[in-house]
Structures are given as structure tokens and as C-alpha cells.
Amino acid sequence: MDYKEMYQQWLDNPYFDEETKAELKAIEGNEKEIEDRFYMDLEFGTAGLRGVIGAGTNRMNVYTVRKATQGLANYILSVQGEAKGVAIAYDSRHMSPEFADVAALCLAANGIKAYVFESLRPTPELSYAVRRLGCIAGINITASHNPPEYNGYKVYWEDGAQITPPHDSGIMDEVKKVTDYAACKTMSLDEAKAAGLYQTIGADIDDPYIEELKSLVLHQDSIDAVKDKLTIVYSPLHGTGNIPVRRVLKELGFQNVHVVPEQELPDGNFPTVSYPNPEAAEAFELGLALAKKVNADLVLATDPDADRLGVYVKDSKTGEYHTLTGNMSGCLIGDYVIGQRKAINGSLPQDGAFIRSIVSTNMADAIAKYYGIQLVEVLTGFKFIGQKMLEFEKTGSGTYLFGMEESYGCLTGTYARDKDAVVASMALCEAAAYYMTKNMTLWDAMLEMYERYGYYKDHVESITLKGIEGLAKIQEIMNTLRENAPKEIGGLKVLAARDYKADTIRDFATGQTRPTGLPKSNVLYYELEDDAWVCVRPSGTEPKVKFYIGVKGTSMADADEKSASLGRQVLDMIQKMI
């Protein structure tokens, strides 16, 4: 059935509601819009669903959400996990509460109990809830930092991490098998509650979650010493972080926490930013203005589902606020947590591990080497860090100390299996308090790390290619690079090429190949001379191809220059392919 026939079917089928049909009638005659909405089913991938809200098979709506949930329910039934139930959370985006209930009532109609949060909650708390309630799975309705017109649907498995093999492919297969929207089961909310298949959750999860975070504090003495001196500015960017971040900081004793008033309350329109991404400078404009008024020591911003943290820290010598990339803040927190654990306990576990994604900074490797612990590389996506944590638990070999990825996400404990901006905010404020007792700022600590480990500089470039043509272009770029691996990039010789899809690492000097040792993924990685590297991968959540770039300089200025130059030359190389 082509897109025109599918469009007509949605107009004619009595299963679809009148509001949906009115939206579709309004685009009658707009062939490009109709094609974009119906040329494919919104893809259920390893990260679940993510798309623009609206009517159509290639959109986020109650029908596509129910279809995905029916596939998930079928998989849960096939592994006999229905008795454990499913936890469901949602963020501040448009239609998030509605999609959460659609999913819950589909599960209930399949005999699977749904535990639904009473109001919006952070992604990491959903991960925690799955584990605490002993659920077989979890669903989070969020599109993270995408623009306001998007929403999404993430699936977690019983370990609390987003789905990984074999469950990811098993669930995807079941979702693909659901071809008739009308065959997806549902029931009324009253019926579900009466049958004991819909339970509202809230404080019963919130309270132990916050206690888990507080138990990770290493220097309450430092917080007590400077609780009225350290000044913090925080923005939840209209999302889920407002209550939990403020609560944990207050309960630990921090007295000077200033919340950006214009960005405090949940709002799916995200009116103060073009898109709510803590990586973007515009997300901090209001926070930095407030920071200058109150003379803040650090400025924090969490994304809408509060799994990613953006940071600015003050340089007391110049009064300037410096941004910390995800690599910088991750290493700053990781170095503090690991270093202080060693200082307090006298040693670290012999099998202690620092886990990072393959596109994260090599400074993590230097930190692991300094503390004598193992550095573990995993594929991009925090679920692979969660998978490694589960492996440690099952085998009894390996002690998780810290995990991070460059995309502004990290985790300091094992209570959850996803990145947590709430605990990251807490840990960074604790570190700021500790360093303040040593007459240092966080920026001083960062500079000290550069001196100790080297001037690593990492950043991401990307090219956005939307629509059907864009998808084809992205695939063409990957194919070209895969079939004709460059011998040099940006004037730097390629020493080795890793192809994670083919599971090969090719040494250019010897011509020998060996396996990557990681699951297959559409990722290419080039090891360059002078401790530089470039990694290429299509985004799993946006119509982009991303280029991760890392260099090591002799000074901050040298690293900045090398990074900027390599970034420009990578984009020039790719533009010639388009």
C-alpha cells in the first residue's frame, strides 16, 4: 500500500477519531506533506520511537504509541514476564501524559499491570522505578532535547537500562508484526483500575530515589562548611528536573540555590529556547544573566527529561563563566568521585572500572590509568554502560566506579542504569563545596586536571539532512567512507580504522585486522597520529550524521586550535561527498 492509499485509509477507517481525520483533511492536496506523514511507519528502533507529533503513520500519535505498546506487550507475553508489570514515566512535552495513559491502557488490556507516575518525572527515576518495583520493563514518554514539535517513547528492560540485545531486536520484531492499528488492545481507565492493572506511583518512588542519591555523598563535611557560601544557579529548562534537583540540594544543606524563574515551570513549548538542549549556549542566556546578578559559583541546566546536565563554572580570577562540555563535566565528576573514594578508603577495588562510550574523551583513559583502574569502552548510548554494569553483577567480576558519555550524561552510583542529571547536579555541587574548602573553584580543578592528564579537547560537528533524500544521503556518506577509508584526515595520517558494523579494526601500517570486541553498529572510527581521532555515526534520534573529534594539545590554546582545524577539515571532506 503506497502513501496515498494509506492516507485515504486513515480518512475512511472508522477506527481513527474525528480530530485525527480533520487534521488529515486539512492537508488534502499537499502531496509532499502527505507523503512525509505516510511514506513509512514511524520506525521503532533500539532507542524506541521519536518523531513529530501529528496524524499519520510516520508521526507520534495515540495510534502509533498504541501500536508500539502492543508489540511490546506481545514480547513481554512471549517471555512470560507479564506478572512483573511495567513502569511508565513521562516528561513535560505536549501529549506526554496522554501517550503515557495510552501505553498503560494497552498494557492493561493485555493483562500486564502498569505503574504510572502521577506527574512528570526524570528519565533516571524511571530507570530506578523499574528496578525498585521489580518490573519486566519500563516506558518513558520523552523526546529528550528535541524541538517542541517532537515526542518520543523509550523502552527499558528489567535491569533498568534501555533495551539491548536480544530484547531490542525481539521487541522491534514484535512491533513490526503489528500491522492493523485496530487490532491493538485497549480498555478504559476505570476498567484497568478496577482490575488492578493500573497503579499510580509517586512519593513511594521519589523518597527512596532521593535517599539513594544522598547516600553517594562523600564529603558532607565540606557541604556543611560552605553551605551558605557556595552560590548555585539552576534551570530545569521547562522540564522534569525542577523538583528533584532542588529537593536533593536543599536536603543536603545548600542554602543559596537560585532557580531561573523564566525556565522553572514545565512547558512543552519551551518558550525561552529554540530547543531545550543544555549543550546549546542559548539555553544558558537567562541562567548566566542571573548568575552575574547573584555572583554564582556555578550554573547548571538539565534537559527536559533530566538525564543530561549542562554546566558553566566561574573563574574567580577573571570573573568569566566557562562552559564545560559533557566530556569536561563528566571527567571532573569522575575524577572527584574516584579520587575521593580512594582518599577516604585508602584504596580502590582491584577490579574497579571507569566506563565510557567510544566517542567520549580519551581523558577518561588517562584518569583510569592514574588511579590504576580499568577503562572499559562501550558503544554509544548509556544502555551499553548499563549492560556492562549488569555483566559485572552477573559475573561477580568488575566493580562499577563511574560511567560517562560525551553527550552530557553520567552516573555515579548503581541504583539506576541510565545517565542521571539529578545526581550529576548533586555531585558537581558537592565537588564545588569540597574544592571551595581547599580555596579552589571548579575551574581551578579543571585546569589542574589538564595539567595532570593532558590538554584533551573533544567536540562534535554534525550535518543535518532531513526527509527521504536526507536519509539516503546519510547512508551514502557512511557507504563511501566504509568502502574508501581515508588515508589521512585534516592532514593527519590515519593509523587505524575501526568499522563497528563489520566488527574490524584495520591497522594501516601492517594491513592486519582484528575484531572490535563490541556489538555491531553503524559507526566508523579513525585513529589518527598525534593522539587525535575522528568518529562518524548517524544520529539515532535526529536526521543528522555526527562527527566526533578528539585532539590532545600542549596547552589549552594549542588544543583549541587543533580541534577547530580538524573540525573544519572534516566538514570540508564530507561536503565534497554530498
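Anyway, here's the lowdown on the structure attached to this text. It should be emphasised that the depicted structure is a prediction, and the values quoted were computed from it without experimental measurement.

Right, let's talk about the overall build of the chain for a bit. Assigned secondary structure in the chain consists of 19 helices and 23 strands. Its C-alpha atoms give the chain a radius of gyration of 24 Å, within 12% of the compact-globule value 25 Å for 578 residues. Taken along its principal axes, the extent of the C-alpha atoms in the chain is 70 × 55 × 50 Å. Within the chain, contacts between residues separated by at least 24 positions form 68% of all contacts whose residues are at least 6 apart in sequence.

Let us now look at the packing of helix 6 (residues 123-133) against helix 9 (residues 203-214). Interhelical geometry of helix 6 versus helix 9 gives an angle of 105° and a closest axis separation of 10 Å. The angle between helix 6 and helix 9 places the two elements in the roughly perpendicular class. Contact residues: helix 6 offers Pro124, Glu125, Tyr128, Ala129, Arg132 and Leu133, while helix 9 offers Asp204, Ile205, Asp206, Pro208, Tyr209 and Glu212. Taken together, the residues of the contact of helix 6 with helix 9 sort by class into seven nonpolar, no polar and five charged.

Okay, the pattern of salt bridges next. Inspection of every chain in the model, using the stated rule, returns 37 salt bridges. Between Arg452 and Glu448 there is a salt bridge, with the nearest N and O atoms lying 3.4 Å from each other. With Arg452 and Glu448 both in helix 17 (residues 442-453) and four residues apart, this pair spans about one turn of that helix. With a closest N to O distance of 3.0 Å, Glu527 and Arg498 form a salt bridge. Here Glu527 is found in strand 21 (residues 524-528), whereas its partner Arg498 is found in strand 18 (residues 492-499), with 29 residues between them in sequence. Overall, Glu527 belongs to the partly exposed group, its relative accessible area being 24%. The structure contains a network of salt bridges with shared partners spanning Lys154, Asp305, Asp307, Glu405, Asp418 and Lys419.

What follows deals with empty space enclosed by the protein. Tallied over the entire structure, the rule returns one cavity of 30 Å³ or more. Put simply, the largest cavity is a space of about 40 Å³. Lining the largest cavity are Leu309, Gly326, Ser329, Gly330, Ile333, Tyr408, Gly409, Cys410 and Ala424. Elements that contribute at least two residues to the lining of the largest cavity include exactly helix 13 (326-345) and strand 15 (409-411). Broken down by element, the lining of the largest cavity gets its largest block of residues, four residues, from helix 13.

Glancing now at the side chain of Thr441. Following the sequence through the fold, Thr441 ends up in the loop between helix 16 (421-437) and helix 17. Side-chain polar atoms of Thr441 contact the backbone nitrogen of Trp443, separated by 3.3 Å. Sequence-distant contacts of Thr441, defined by excluding residues within four places in its chain, comprise Lys314, Ser316 and Tyr435.

Pairing is mixed in the open sheet, where six strands are placed in the order 1-5-4-2-3-6. The outermost strands of the open sheet, each flanked by one partner alone, are strand 1 (49-52) and strand 6 (198-201). Adjacent strand axes in the sheet meet at a mean angle of 15°, parallel and antiparallel pairs treated alike. Looking at chain direction, strand 2 (residues 86-90) and strand 4 (residues 137-141) are connected through five bridges and run parallel. Paired with Ala89 across the two strands is Asn140, which belongs to strand 4. Strand contacts of helix 4 (residues 62-78): strand 1, strand 2, strand 4 and strand 5 (150-157), with the helix running at about 5° to strand 5, the strand carrying the most contacts.

Within strand 12 (residues 352-357), six of the six residues are buried, which leaves it mostly tucked inside the rest of the structure. Residue alternation in strand 12 divides its side chains into two sets, Gly352, Phe354 and Arg356 and Ala353, Ile355 and Ser357, and both sets are buried. By the bridge criterion, five bridges tie strand 12 to strand 14 (residues 399-405) in an arrangement that is parallel. If you follow Ile355 over to strand 14, its bridge partner there is Gly403. Looking at chain direction, strand 12 and strand 13 (residues 374-378) are connected through five bridges and run parallel.

Turning to the packing of aromatic side chains, a few remarks are in order. Applying the stated criterion across every chain, the model contains 22 aromatic pairs. Measuring from centroid to centroid gives 5.8 Å for Tyr128 and Tyr209, while their planes differ by 50°, and the two rings are tilted. Of this pair, Tyr128 sits in helix 6 while Tyr209 sits in helix 9, and the two are 81 residues apart along the sequence. Here the two residues Tyr128 and Tyr209 agree in accessibility, since each one is buried. Among the aromatic side chains, those forming a connected cluster through ring pairs are Tyr7, Trp10, Tyr15, Phe16, Phe38, Tyr63 and Tyr181. One cation-aromatic arrangement involves Arg452 over Tyr370; the distance from NZ or CZ to the ring centre is 5.1 Å. Positioned above the aromatic ring of Tyr525, the side-chain terminus of Arg498 is 3.8 Å from the ring centre.

One open sheet accounts for five strands, arranged 8-7-9-10-11; its pairing is mixed. Two strands bound the open sheet, and with one partner strand each, they are strand 8 (256-259) and strand 11 (321-324). Between one strand axis and the next, the sheet turns by 20° as a mean value, whatever way the strands run. Pairing between strand 7 (residues 231-235) and strand 8: four bridges, direction parallel.

This next bit is on helix 14 (residues 363-371). For helix 14, the full list of buried residues reads Met363, Ala364, Ala366, Ile367, Ala368 and Tyr371. Close packing links the buried residues of helix 14 with helix 13, strand 12, strand 13, helix 17 and strand 16 (455-464). Immediately downstream of helix 14, the backbone of Gly372 shows phi near 70°, a positive value.

Before going further, it helps to examine helix 18 (residues 467-483). Relative to the 24 Å expected for 17 residues at 1.5 Å per residue, helix 18 spans 25 Å between its end C-alpha atoms, a close match to the ideal helical length. Those residues of helix 18 that sit buried are Gly470, Ile474, Ile477, Met478 and Leu481. Each buried residue of helix 18 sits inside an arc of 90° when the element is viewed along its axis, so together they form one side. Every exposed residue of helix 18 that faces more than 90 degrees away from the buried side is listed here: Glu469 and Glu483.

Before going further, it helps to examine the environment of His238. In this fold, His238 is placed in the loop between strand 7 and helix 11 (242-252). The exposure class of His238 is buried, given its relative accessible area of 2%. The spacing of His238 and Glu488 is 250 residues in sequence and 44 Å in space, taken between C-alpha atoms. The residues contacting His238, other than those within four sequence positions of it, are Ser92, Glu262, Gln263, Leu265, Pro266, Asp267, Phe270, Pro271 and Thr272. A distance of 3.5 Å separates a polar side-chain atom of His238 from the backbone oxygen of Leu265.

Reading the values: the criteria
Residues numbered from 1 in each chain as written. Predicted model: local features only at pLDDT ≥ 70, side-chain atom pairs only at ≥ 80, totals over all residues. Heavy atoms only, no water. Helix = DSSP H or I, 4+ residues; strand = E, 2+ residues; numbered from the N terminus. Rg over C-alpha atoms; globule rule 2.2 N^0.38 Å. Contact = heavy atoms within 4.5 Å. Axes fitted to C-alpha atoms, helices over the stretch in contact; angles between N-to-C directions. Parallel < 35°, antiparallel > 145°, perpendicular 65-115°, else oblique. Nonpolar A, V, L, I, M, F, W, Y, C, P; charged D, E, K, R; others polar. Salt bridge = Lys/Arg side-chain N within 4 Å of Asp/Glu carboxyl O. Buried < 20%, exposed > 50% of the residue type's maximum accessible area, 1.4 Å probe, protein only. 1 Å grid on protein atoms, 1.4 Å probe; cavity = no way out; pocket = protein on both sides within 12 Å on 5 of 7 lines; lining within 4 Å. Points joined across faces, edges and corners; volume = space filled by probe spheres on them. Polar contact = N/O pair within 3.5 Å; in protein donor to acceptor, adjacent residues only side chain to side chain. Pairing = 2+ DSSP bridges. Phe/Tyr/Trp six-rings, centres within 6.5 Å; stacked < 30°, edge-to-face > 60°. Lys NZ or Arg CZ within 6 Å of the ring centre and 35° of its normal. Expected span 1.5 Å × (residues − 1). Arc of directions from axis to C-beta.

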